[in-house]
Amino acid sequence: MGEIANDSVISIKSLNKKYGPHLALDGITLEIPCGAVGILGPNGAGKSTLFKCILGLIGITSGEGTVLGYDIRSQADLIRSKIGYMPEYNALDPGLFAVDQVRYAGELLGMNTKVATQRAHEVLEYVGLKDQRYRKIETFSTGMLQATKLACALIHDPEILICDEPTNGLDQRARSFMLQTLRRTVNQGNRTVLMSSHVMEDVQDVCDRIVMIHKGKIVVHRSIDDLVNQVDREIEIMVWGGASRMEKELDAAGLSIRRLGRVIRVKREDDSTIRKILEAAVSAEVQVRQMRDYEPDLEDIFILIMERLGTEIKGTADLMTPEHTGGI
Amino acid sequence: MEVAFGAGDGDEDATAVVAKRQASLGTIFEQNYRPWEGNLGPRWMRNYAIYRHHVYGLFSSKGHRHYHPMVRLLVLVIFLASLTPVPMLFLASLMGGEDGSFLDKMWGVNRYNLWGQVLGYFPRNLCFWPLLTALVVGGMISDDRQHGTSAIYFSRPVTRLDYTAMKFLSVSVILGFVIVFSYFVYYTSAIVFRSEGWAYLADTLPMFLGGMLAGIILVLTYTSIGLALSSISQSRFFAAIAFLSVIYGTKLVSLLIELQFETTFLYILSPYDCLAHLGQYLLGIPYNYEHPLSFSVVSLVVINAASIALLVSRVSSLEVTRE
């Protein structure tokens with residue numbers, strides 16, 4: 001049995017992975033401690049390749065790594081017996097009952113049938129599918145499918161749970177429950193969760209650290225609190241009428257601003273910022289309907305980092321069309 | 001006004017009866033994480049789970065791979081049809097008669113009948129065995145491609161070799177149960193119904209074993225071709241139809257060439273005819289083919305090798321994650 005080095009459950013050093021001439025992972029060095037870690041990055045950044053390397057599904061070009069003390073190059077099967085993977089896309093047999101699918105997932109790990117059956121009932125109850133476990137998977141809603149996938153990943157009580165877009169396609173209620181379940185798995189189960197998601201709010205809800213990958217390299221590996229503290233504080237104001245005039249006045253006052261329609265965020269420079277904002281409002285003859293300290297969220301941090309890397313990323317507000325916002 | 005505002009003197013406490021929400025009923029869901037301290041079994045347990053999932057599903061729908069009821073029914077019909085010589089042997093034994101009588105020639109154990117039980121074109125290789133194979137291999141790997149269930153396999157410590165081998169074994173066992181087992185039952189029932197002794201067994205065992213070997217090679221060849229076709233599509237119907245097309249199509253083309261040009265050479269492209277040629281050698285009966293046996297043997301080896309190579313290649317490409 002491998003021994004875990006220090007507190008890291010995953011330890012990777014100078015990992016390179018090439019697909020032909022394409023360098024998918026470029027010198028990745030990473031130490032992931034126990035807890036919940038968000039894996040972020042735009043499409044094609046190398047997140048899935050990193051997961052495949054961690055799962056030992058693909059050979060690495062160079063470098064070394066251990067997962068729970070097991071070498072990713074030579075002990076991949078032992079690693080996969082300790083990891084639960086929740087895939088992004090549908091990976092369930094529609095012709096099976098939920099309990100049979102989860103039981104089979106346990107048997108594929110080497111669990112005895114009786115033990116797998118009992119455990120299948122337990123995990124299906126844990127993910128909220130106790131009453132639906134004898135329904136065929138083809139009759140399940142999206143939320144129930146995601147919960148079943150999570151159950152398949154948790155059946156053997158893995159030390160590391162890798163979740164690829166766990167809230168994909170879920171409504172608000174199902175999403176909340178999924179996130180609550182993952183948080184409980186980390187806190188109550190004392191397990192490590194690696195979560196890849198494009199919904200920053202979900203990552204911020206579950207994870208306390210993030211690893212951001214861009215073009216095969218790690219660009220950020222910090223705790224979310226540290227990142228939030230490093231981002232400039234802003235004051236968010238909502239104006240009624242004359243947002244463009246207000247923007248010009250604030251600009252003229254030497255303030256750094258970001259405008260999102262009627263909402264303007266002003267970088268808090270010192271104690272006089274609020275006074276300057278109000279003076280600008282008077283000059284522009286606009287009504288300031290709301291003013292508050294803006295707490296940057298993970299989405300802001302992500303967009304900021306990507307902009308610094310020279311990649312344009314649209315935030316949730318930018319992606320929302322009038323059809324989404326009811327014409328507002 | 002007093003009626004409107006009540007009949008009291010105004011000193012009583014003002015109260016109002018308002019509609020109350022109905023109390024919600026139901027159990028309280030407490031979500032508690034339950035750890036598991038058990039041990040995982042070795043590799044053979046994982047492999048057996050795959051095998052059992054696919055084979056048991058044909059017999060029981062509870063908890064195992066789902067086979068459509070019509071598929072199960074057809075497999076049963078094919079199995080029973082392959083056992084038709086058994087009642088005929090029973091009939092022959094009841095009617096008595098000398099060796100060499102009509103019923104004995106038609107249904108009794110001899111080289112030609114043993115060959116026909118496994119490799120005869122009609123009805124077995126025209127109606128039964130290809131259809132049986134098509135039904136079994138149809139969704140064997142294509143379903144995993146279609147539904148993405150390969151992620152369930154390969155995110156576990158199941159290697160691609162184990163996955164392929166267990167799928168291959170599952171199909172072979174199902175085909176072997178119908179083809180080889182029915183052959184075995186036929187031979188055994190001939191001994192039992194005719195009350196034959198050890199001398200008969202000693203005389204006929206070599207040809208019986210030859211036929212059994214031919215049957216096993218047929219099972220392996222059909223399994224290879226069927227699984228290779230199943231691995232290249234996401235549709236079970238493509239795999240089934242493609243398999244039937246390969247078996248019947250090559251036979252038909254070769255037959256047309258033979259009729260037109262009076263040469264049997266092109267039969268080396270037909271998996272069935274290669275098997276039939278080899279079976280004739282193993283059972284010691286005259287060949288129907290003019291070309292040497294070695295051509296058929298090499299062709300069989302190439303067909304199997306190409307099918308397995310394709311199968312391995314396609315299984316290697318089954319994805320666990322998506323970018």
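Residues numbered from 1 in each chain as written. Chains lettered and ligands numbered in written order. Predicted model: local features only at pLDDT ≥ 70, side-chain atom pairs only at ≥ 80, totals over all residues.

## Points about the overall build of chain A
Part 1: Tallying secondary structure elements over chain A gives 13 helices and 14 strands in all.
Part 2: Across its three principal axes, chain A shows a C-alpha extent of roughly 75 × 45 × 35 Å.
Part 3: Counting the 328 residues in chain A, one finds 44% classified as buried. (Helix = DSSP H or I, 4+ residues; strand = E, 2+ residues; numbered from the N terminus. Buried ≥ 20, exposed ≤ 12 C-beta atoms within 10 Å, placed from the backbone.)

## What to know about the interface of chain A and chain B
Quoted interface sizes are often the accessible area lost when the parts come together.
Part 1: Taken together, the 42 residues of chain A in the interface contact 30 residues of chain B.
Part 2: Within the residue set of the side of chain A that touches chain B, elements represented by two or more residues are helix H1 (47-55), helix H2 (76-82), helix H3 (98-107), helix H4 (113-126) and helix H6 (172-187) of chain A.
Part 3: Tallied by class, the residues present in the side of chain A that touches chain B amount to 18 nonpolar, twelve polar and twelve charged. (Contact = placed C-beta atoms within 7 Å. Nonpolar A, V, L, I, M, F, W, Y, C, P; charged D, E, K, R; others polar.)

## Topic: helix H2 (residues 43-59) of chain B
Part 1: Between its first and last C-alpha, H2(B) extends 25 Å over 17 residues, near the 24 Å set by a 1.5 Å rise per residue.
Part 2: At Arg52(B), H2(B) shows its largest bend, some 25°.
Part 3: Listed in full, the buried residues belonging to H2(B) are Arg46(B), Asn47(B), Ala49(B), Ile50(B), His53(B), His54(B), Gly57(B) and Leu58(B).
Part 4: For H2(B), the secondary structure elements touched by its buried residues are H3 of chain A together with helix H3 (69-82) and helix H10 (160-193) of chain B. (Expected span 1.5 Å × (residues − 1). Bend = angle between axes of the 7 residues up to and from the residue.)

## So, unusual backbone geometry
Part 1: Backbone torsion omega between Phe122(B) and Pro123(B) reads 0°, so that peptide bond is classified as cis.
Part 2: Along the chain, the position of Pro123(B) falls in helix H7 (residues 121-137).
Part 3: A positive phi angle is found at Asn190(A), which is not glycine, with a value near 55°.
Part 4: Relative to the helices and strands, Asn190(A) resides in the loop between H6 and strand E8 (192-196).
Part 5: The class of Asn190(A) is exposed, set by 12 C-beta atoms lying within 10 Å.
Part 6: A positive phi angle is found at Lys215(A), which is not glycine, with a value near 50°.
Part 7: Judged by C-beta crowding, with 16 C-beta atoms within 10 Å, Lys215(A) ranks as partly exposed.

## Digging into the sheet that holds strand E3 (residues 36-40) of chain A
Residue and element names in this part refer to chain A.
Part 1: With mixed pairing, the six strands of this open sheet are ordered in space as E6-E7-E8-E3-E9-E10. Only two strands of the sheet have a single neighbouring strand rather than two, namely strand E6 (83-86) and strand E10 (217-223). The sheet shows a mean angle of 15° between the axes of neighbouring strands, direction not considered.
Part 2: Note that E3 and E8 share four bridges and pair parallel. Looking at E8, one finds that Ala-36 is bridged to Val-193.
Part 3: Each of E3, strand E7 (160-164) and E8 is contacted by H6, which is oriented at about 150° to E8, the strand it contacts most. (Pairing = 2+ DSSP bridges. Axes fitted to C-alpha atoms, helices over the stretch in contact; angles between N-to-C directions.)

## Regarding the sheet that holds strand E11 (residues 234-240) of chain A
Residues and elements named next belong to chain A.
Part 1: Spatially, the four strands line up as an open sheet ordered E12-E13-E11-E14, and their pairing is antiparallel. The open sheet has two free edges, formed respectively by strand E12 (257-260) and strand E14 (287-294), since each of these has just one partner strand. Each adjacent strand pair in this sheet contributes to an overall mean axis angle of 20°, direction not counted.
Part 2: Most of the contacts of helix H10 (residues 273-284) go to E11, to which it runs at about 15°, and overall it touches E11, strand E13 (263-267) and E14.

## Some thoughts on the confidence of the model for chain A
Residues and elements named next belong to chain A.
Part 1: Of the residues in chain A, 91% have a pLDDT of 70 or more, and the chain-wide mean is 85.
Part 2: When mean pLDDT is compared element by element in chain A, H3 scores highest at 96, while helix H13 (residues 322-325) scores lowest at 52.
Part 3: Counted against residues more than four places away or in other chains, residues 1-5, with its pLDDT under 50, gives eleven contacts.
Part 4: Low pLDDT (under 50) marks residues 324-328, which in the prediction has two contacts with non-local residues, meaning those over four places away or in another chain. (pLDDT = per-residue confidence, 0-100.)

## Notes on the pairing of E12(A)
Residue and element names in this part refer to chain A.
Part 1: By the bridge criterion, four bridges tie E12 to E13 in an arrangement that is antiparallel. Note on E13: the bridge partner recorded for Leu-260 is Val-263.
Part 2: In sequence, E12 turns back onto E13 through a hairpin of two residues, with Gly-261 there showing a positive phi of about 70°.

## Quick look at the environment of Tyr67(B)
Residues and elements named next belong to chain B.
Part 1: With respect to the secondary-structure elements, Tyr-67 resides in the loop between H2 and H3.
Part 2: Put simply, Tyr-67 and Val-136 are 69 residues apart on the chain and 8.8 Å apart in space, counted from C-alpha to C-alpha.
Part 3: Apart from the residues within four sequence positions on either side, Tyr-67 is in contact with Gly-57, Leu-58 and Arg-72.

## Some thoughts on helix H9 (residues 243-252) of chain A
Residues and elements named next belong to chain A.
Part 1: Of all the positions in H9, only Met-246, Glu-249 and Leu-250 are classed as buried. End-on view of H9: buried residues confined to an arc of 100°, all on one side of the axis. Opposite the buried face of H9, by more than 90 degrees, sit the exposed residues Ser-244 and Ala-252.
Part 2: On the buried face of H9, the contacting elements are E11, E12, E13 and H10.
Part 3: Among the residues trailing H9, Gly-254 stands out with phi positive, at a value near 85°. (Arc of directions from axis to C-beta.)

## Quick look at the domain arrangement of chain A
Part 1: If you check the domain split of chain A, you get domain 1 (8-228) and domain 2 (232-295).
Part 2: Each of domain 1 of chain A and domain 2 of chain A has a C-alpha centre, and the two are 42 Å apart. (Domains from an automatic or database assignment.)

## Looking at the confidence of the model for chain B
Residues and elements named next belong to chain B.
Part 1: For chain B, per-residue confidence averages 87 on the pLDDT scale, and residues scoring 70 or more make up 89% of the total.
Part 2: Between residues 8-12, whose pLDDT stays under 50, and residues either more than four places distant or in other chains, the model counts zero contacts.
Part 3: Per the prediction output, this complex has pTM 0.83; the corresponding ipTM is 0.84.

## Some remarks on the pairing of E13(A)
Residue and element names in this part refer to chain A.
Part 1: Taking every second residue as pointing to the same face, the buried face of E13 carries Ile-264 and Val-266, while none of Val-263, Arg-265 and Lys-267 on the other face is buried.
Part 2: Pairing between E11 and E13: five bridges, direction antiparallel. Along E13, the bridge assignment pairs Ile-235 with Val-266.

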